[in-house]
Amino acid sequence: LDYYYYKGVGLSYFMGRPEDALEIYRQAIRQIGEGSDAKLASDIYAEMGNLLQDKEQNDESYECYEQALKYNPANILVLNNYAYLLAEEERNLEMAEQMSRRVIDTEPDNTTYLDTYAWILYKMHRYNEALDYMEQAIKAESAPSDVLYEHAGDICYSLGDSVRALDYWRKALALQREVGMVDKKLEKKIIPEDIDYNKVQGIRIEARQKLNQFKPLSVGQASRISGVSPADINVLLVYLEKKRRAK
């Protein structure tokens, strides 16, 4: 299973070939048996679910997430992504809220997970609670994304605060205009092959594990890895710049 998992990750994250990655994962699940590594099986189904979600094949994505949780009920990324997808489609919001609650109980300072929980509360019309968690997400992030600002704007608007809503939406729009240029710059930031992520202070444990696992060649590739947040990328950029200046 290791071969299929890492090949699929390479095809989807680093080579931009999601269809080929899906085919590799389909081959992988045919190899899953009683003696298979349950966590790895869960991760394979999770990656399939994420790719199918990107293709808006949501029913198939749900099935993959269910299988992923069958093999590893504590798979944090699956619980988060599954809950967010349910919220987007406004399906089974109670279950989504329960899954997301488990996630933030485990990682209460994770911006991505706080955003998911806030968005579910918004979909449930629990606007005051939603704003509280969304503001926590924004404060916890050194460089909030356009999605965070957009979600905060939507929540404020539903609360009748159009002034704050407009302010958040303007911030989201400004970031959306910059994102294309930023992505190009990140692709040019090469990561040394001998980098030791354990020495990069400030990167979250989950992100460090993912970076050690996938070994991206550039900061752009690193930014596309599930579990690596914009804050982790900022820390990595600062570290690389300090190393460059020290030479």
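The structure presented is a predicted model; accordingly, all values stated were derived computationally and were not measured.

Visitor: Summarise the pattern of salt bridges; cite the residues concerned and give the values.
Guide: Under the definition given, this model contains 12 salt bridges. Put simply, R91 and D59 hold a salt bridge, and the shortest N to O gap is 3.3 Å. Taken together, the residues R91 in the loop between α5 (76–89) and α6 (93–106) and D59 in helix α4 (residues 58–71) connect sequence positions 32 residues apart. Taking the relative accessible area as the measure of exposure, D59 reaches 48% and is therefore partly exposed. In this structure, E206 and R204 form a salt bridge, with 3.4 Å as the shortest nitrogen-oxygen distance. By relative accessible area, which is 12% here, E206 ends up buried. Connected through shared salt-bridge partners, E107, R204, E206 and D232 make up one network.

Visitor: Can you break down helix α11 (residues 205–214) residue by residue, with the values?
Guide: Those residues of α11 that sit buried are E206, A207, R208, K210, L211 and F214. With its phi angle positive at about 50 degrees, K215 sits one or two positions after the end of α11.

Visitor: Give me the environment of Y65: which residues, what numbers.
Guide: With respect to the helices and strands, Y65 occurs in helix α4. Sequence separation between Y65 and G49 is 16 residues, and the spatial gap between their C-alpha atoms is 5.8 Å. In this structure, Y65 is in contact with A46, G49, N50, Q53, V78, N81, Y82 and L85, ignoring residues within four places of it in sequence. One polar contact links Y65 to N50, side chain to side chain, over a distance of 2.6 Å. Of the polar contacts made by the side chain of Y65, one reaches the side chain of Q53; its length is 2.9 Å.

Visitor: Provide a residue-level description of the packing of aromatic side chains, including the pertinent values.
Guide: One pass over the structure, following the stated rule, counts 11 aromatic pairs. Judged by centre distance (4.9 Å) and plane angle (85 degrees), the rings of Y117 and Y133 are edge-to-face. Residue Y117 is found in helix α7 (residues 111–123), and its partner Y133 is found in helix α8 (residues 127–140); the two are separated by 16 residues along the sequence. A relative accessible area of 16% places Y133 in the buried class. Ring centres of W119 and Y122 lie 4.5 Å apart, and the angle between their planes is 20 degrees; this geometry places the pair in the stacked category. Of this pair, W119 and Y122 both sit in helix α7, three residues apart, which is roughly one turn of the helix. The exposure classification of W119 matches that of Y122, with both residues buried. One aromatic cluster is present, built from ring pairs that chain together Y5, Y6 and F214. Sitting over the face of the ring of Y117, R101 holds its NZ or CZ atom 5.1 Å from the ring centroid.

Visitor: Can you lay out the nonpolar core for me, pointing to particular residues and giving the numbers?
Guide: Within soluble globular proteins, side chains that are nonpolar generally end up buried alongside one another. In this structure, I191 and L236 are the most contacted members of the largest nonpolar core, which totals 78 residues. With 10 residues, α5 is the largest single contributor of residues to this core. Not counting the four nearest positions on each side in its chain, I191 is found in contact with Y197, P216, L217, S218, V219, A222, L236 and L240.

Visitor: I'd love a proper account of unusual backbone geometry, names of residues and values included.
Guide: Residues other than glycine predominantly adopt negative phi, and peptide bonds predominantly adopt the trans conformation. In this model, N92 sits at a positive phi of 45 degrees, which is unusual for a non-glycine residue. Tracing the chain through its elements places N92 in the loop between α5 and α6. For H125, which is not glycine, the phi dihedral falls at a positive 65 degrees. Along the polypeptide, H125 turns up in the loop between α7 and α8.

Visitor: Would you mind going over the packing of helix α1 (residues 2–14) against helix α2 (residues 18–29) in detail, with residue names and values included?
Guide: At a closest axis distance of 8 Å, the pairing of α1 and α2 adopts a crossing angle of 170 degrees. With respect to α2, the element α1 is oriented roughly antiparallel. Side by side, α1 and α2 meet where Y4, Y5, K7, G8, V9, L11 and S12 of the first sit next to P18, D20, A21, I24, Y25, Q27 and A28 of the second. Residue composition of the contact of α1 with α2, grouped by class: nine nonpolar, three polar and two charged.

Definitions and cut-offs
Residues numbered from 1 in each chain as written. Predicted model: local features only at pLDDT ≥ 70, side-chain atom pairs only at ≥ 80, totals over all residues. Heavy atoms only, no water. Salt bridge = Lys/Arg side-chain N within 4 Å of Asp/Glu carboxyl O. Helix = DSSP H or I, 4+ residues; strand = E, 2+ residues; numbered from the N terminus. Buried < 20%, exposed > 50% of the residue type's maximum accessible area, 1.4 Å probe, protein only. Contact = heavy atoms within 4.5 Å. Polar contact = N/O pair within 3.5 Å; in protein donor to acceptor, adjacent residues only side chain to side chain. Phe/Tyr/Trp six-rings, centres within 6.5 Å; stacked < 30°, edge-to-face > 60°. Lys NZ or Arg CZ within 6 Å of the ring centre and 35° of its normal. Core = buried A, V, L, I, M, F, W, Y, C linked by side-chain atoms within 4.5 Å. Axes fitted to C-alpha atoms, helices over the stretch in contact; angles between N-to-C directions. Parallel < 35°, antiparallel > 145°, perpendicular 65-115°, else oblique. Nonpolar A, V, L, I, M, F, W, Y, C, P; charged D, E, K, R; others polar.

Everything listed here is a matter of geometry and, on its own, says nothing about what the molecule does.
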